[in-house]
Amino acid sequence: MGPCEKCKKAQATFHLTNLEQHSIKEERHLCERCAAEEGLLGSEKPVLDLSHLMEQFVSGGKASAAALAGLVCEECGMTYIEFRNQGVLGCPHDYDVFAEPLAKLLESAHDGATHHVGKSPRSLGQSRKPTDELRRLRRLLDEAVTGEDYERAASLRDRIREIESA
Amino acid sequence: MTAPLGDVVRQLGEWLRGSGPQSDVVISTRIRLARNLRGFPFLSRASVEQRAELVQTLATASRRAGDLAKLIHVDVEKLDELDRQLLVERHIISRQHAEANGARAVAFDREESVSLMMNEEDHLRMQVIRSGLQLEEAWELISRVDDSIDQQVEYAYHAQFGYLTACPTNVGTGLRVSVMLHLPALRLTGELEKVAHAAREMKLAVRGLFGEGTEALGDFFQISNQITLGRGELDLIDDFRKDVIPKIIEYELAARRSLIKSRQQAVDDKIWRALGTLRNARLMSSNEAMQCLSYVRLGLHTGRLSAIDLHTVNELFLQSQQAHLQKLQGERLTGEQRSVVRAALFRSRLGHINQN
Ligand SMILES: [Zn+2]
Ligand SMILES: [Zn+2]
């Protein structure tokens, strides 16, 4: 659909139409940059920007910055500074080595959460009670019946029987 | 063991068959889980030998896991750029996985519903994609895949933080739910940005078609969660299933109805112009193709157009993308050549249909 109508250079990727009461009033064909300049994209920034969080966190506690800078994982050699710059950790052990600064980072990244909720590996044996799964399947079965989705209801019934007889 | 990719070009994965629930608005439902193996560093610190060993260990684990034994294994490191791009277009691997370096592999099923990416950002990224809105079904499947692998390997898991991931933004459940939506009416009525804003307020990410790192492209939107710690998988999936997605579907369908009611000729004009462009253009960029196909799809789902079926639209949607185009053509093409070949593809596939 041709070049951007504003800068006339880049490919127009935003095609906007103002629909008025009686006719299509206005059509605009803009490239991404020009659309952004006109404020048509809104904020494309992801809600969760790790580097931004890191900056916030580090500048928030200048006193402890030196202490943080000294943190290093003896297993993989990752330093806290490196982690801060790259955004990825070096090994599972880093979660313990950097536990304190990470906890704050995770809280702001995950809406205040501090502990995992949900699935865990089979070897740990917890939260794998079939009762939980049965409760879930029965709830879904109710929904399927209410929604008259009988094919799904039948397959859910089979699963429930399977678990009950195991 | 590398499978030939030549024959996948002419097929459609299950997720693009357009057969799932609410497929008039929801293109696909994708759920992925990030996992790492205990006893290995994360990939940024893994040696060449460790990377190779990880692929070996994970491939063996999936071959031993009964229900995963039949997956097709592909050595991504050995693929040329075009084949890697092909897998990205089919959503079998992520762009990041395609563009990374070093030993890495993928295993996927014939339906292209399940894929196990080995050495992506984490040691293992497994994903399930289904057509339409199938959150519970996708979760059941991915959770079973996870259990099967879990029986063969030991995951890196932390009592407080849950499943450990290379990037702390994925730690906890390692779960990412992404729902791909087609929202042409909301864009036409100028309400798309409101929806995107509301989603962001709920700490959900809004992206374009190919996920992380891509901007919103035209009428296709992907909505995914960002929070992975402190909320159970089922609660998170319920947010999408009961709250977020039904609301957006409702808005889009209401916008479609009101457009047809008050602006029928303007909407018909968009739809038929799009079809006319597809049937007649001599040069066609991928963006223009996407936009035209979006209007044609809108035409199908609002009953304004019936001469084409959804299967053909979805097929063209996939085959007009650059790697597919070059594979079908059997040669490498420059951008300009692709525009010519893309236009020819649409003319040959849509030229004969009856106009009504
Ligand atoms: Zn421009
Ligand atoms: Zn470490």
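Criteria and cut-off values
- Each chain carries its own residue numbering, running from 1 in the direction its sequence is written.
- Numbering of ligands from 1 and lettering of chains from A proceed in the order in which they are written.
- In keeping with the predicted nature of the model, local features appear solely for residues at pLDDT of at least 70, side-chain atom pairs appear and are counted solely at 80 or more, and the whole-chain, interface and lining totals rest on all residues.
- To get the side-chain values, all heavy atoms of the structure are used, and hydrogens and water are removed first.
- For the domains described, the bounds stem from an automatic or database domain assignment.
- Working rule for contacts: check all heavy atoms of both residues, and any pair within 4.5 Å makes them a contact.
- Definition used for salt bridges: Asp or Glu carboxyl oxygen within 4 Å of a side-chain nitrogen of Lys or Arg.
- In protein, a polar contact means a hydrogen-donor-capable atom and an acceptor-capable atom, both N or O and within 3.5 Å, with residues adjacent in sequence counting only if both atoms are side-chain atoms; elsewhere, any N or O pair within 3.5 Å suffices.
- Strands here mean DSSP runs of E at least two residues long; helices mean DSSP runs of H or I at least four residues long; both are numbered from the N terminus.
- Here the nonpolar group is Ala, Val, Leu, Ile, Met, Phe, Trp, Tyr, Cys and Pro; Asp, Glu, Lys and Arg are the charged ones; every other residue, Gly included, is treated as polar.
- Accessibility here uses a 1.4 Å probe with only protein chains present; expressed as a share of the type maximum, an area under 20% marks a residue as buried, one over 50% as exposed, and anything in between as partly exposed.
- Paired strands, as defined in this entry, are two strands with at least two bridges between them according to DSSP.
- The axes are straight lines fitted to the C-alpha atoms, using for helices just the contacting stretch, and the angles between their N-to-C directions are given from 0 to 180°.
- For this classification, under 35 degrees means roughly parallel, over 145 means roughly antiparallel, 65 to 115 means roughly perpendicular, and everything else is oblique.
- By the definition used in this description, the sense in which the near helix is turned from the far one sets the handedness, with an anticlockwise turn below a right angle giving left-handed and a clockwise turn giving right-handed.

### Thoughts on the domain arrangement of chain B
Residue and element names in this part refer to chain B. According to the domain assignment, chain B consists of domain 1 (5-256) and domain 2 (264-350). For domain 1 and domain 2, the distance between their C-alpha centres works out to 26 Å. Taken together, the contact pairs 29 residues of domain 1 with 25 residues of domain 2. Residues K327 and D83 are paired through a salt bridge, measuring 2.7 Å at the closest nitrogen-oxygen approach. Between domain 1 and domain 2 we count 13 residue pairs in polar contact (both at pLDDT 80 or more) in total. Only α2 (81-89) and α5 (184-188) provide two or more residues apiece to the side of domain 1 that touches domain 2. Ranked by the residues each element gives to the side of domain 1 that touches domain 2, the list is headed by α2, at six residues. Here the residues of the side of domain 1 that touches domain 2 are counted per class, giving twelve nonpolar, six polar and eleven charged.

### Examining helix α11 (residues 322-329) of chain B
Residue and element names in this part refer to chain B. The complete set of buried residues in α11 reads A323, H324, L325 and Q326. Residues of α11 that are buried make contact with α2, α10 (310-319) and α12 (335-350). Once α11 ends, the next one or two residues include G330, with phi positive near 75 degrees.

### Examining the pattern of salt bridges
According to the stated counting rule, one finds 33 salt bridges over all chains in the structure shown. Residue R152(A) is joined to E140(B) by a salt bridge in which the shortest nitrogen-to-oxygen separation is 3.5 Å. Within this pair, whereas R152(A) is found in helix α8 (residues 150-165), its partner E140(B) is found in helix α4 (residues 135-150), the two belonging to separate chains. For the pair R152(A) and E140(B), a shared accessibility class is recorded, and that class is buried. In this structure, the salt-bridge partner of D219(B) is R187(B), at a minimum N-O distance of 2.1 Å. Taken together, the residues D219(B) in the loop between β9 (204-207) and β10 (220-225) and R187(B) in helix α5 connect sequence positions 32 residues apart.

### A few points about the pairing of strand β8 (residues 175-182) of chain B
All names here are of chain B. Among the eight residues that make up β8, eight are buried, leaving the element largely enclosed by the rest of the structure. Neither face of β8 is open: one carries L175, V177, V179 and L181, the other R176, S178, M180 and H182, and all of them are buried. As defined by bridge partners, β8 adjoins β10 across five bridges and the pair is classed as antiparallel. Note on β10: the bridge partner recorded for V179 is I223.

### Here we look at the packing of helix α8 (residues 264-280) of chain B against helix α9 (residues 286-301) of chain B
Residues and elements named next belong to chain B. It is the contact of α8 with α9, at a shortest axis distance of 8 Å, that shows an interaxial angle of 130 degrees. Put simply, α8 runs oblique to α9. The two elements α8 and α9 meet at a crossing, and its hand is left-handed. Listed contacts from α9 to V267, K270, I271, A274, L275, T277 and L278 of α8 are E288, C292, L293, Y295, V296, L298 and G299.

### Observations concerning the packing of α2(B) against α11(B)
All names here are of chain B. Between α2 and α11, the least distance of the axes is 8 Å, while the angle of their chain directions is 125 degrees. Relative to α11, α2 is oriented oblique. Between α2 and α11 lies a crossing of left-handed hand. Contact residues: L82, D83, Q85, L86 and E89 in α2; Q322, A323, H324, Q326 and K327 in α11. Tallied by class, residues from the contact of α2 with α11 come to three nonpolar, four polar and three charged.

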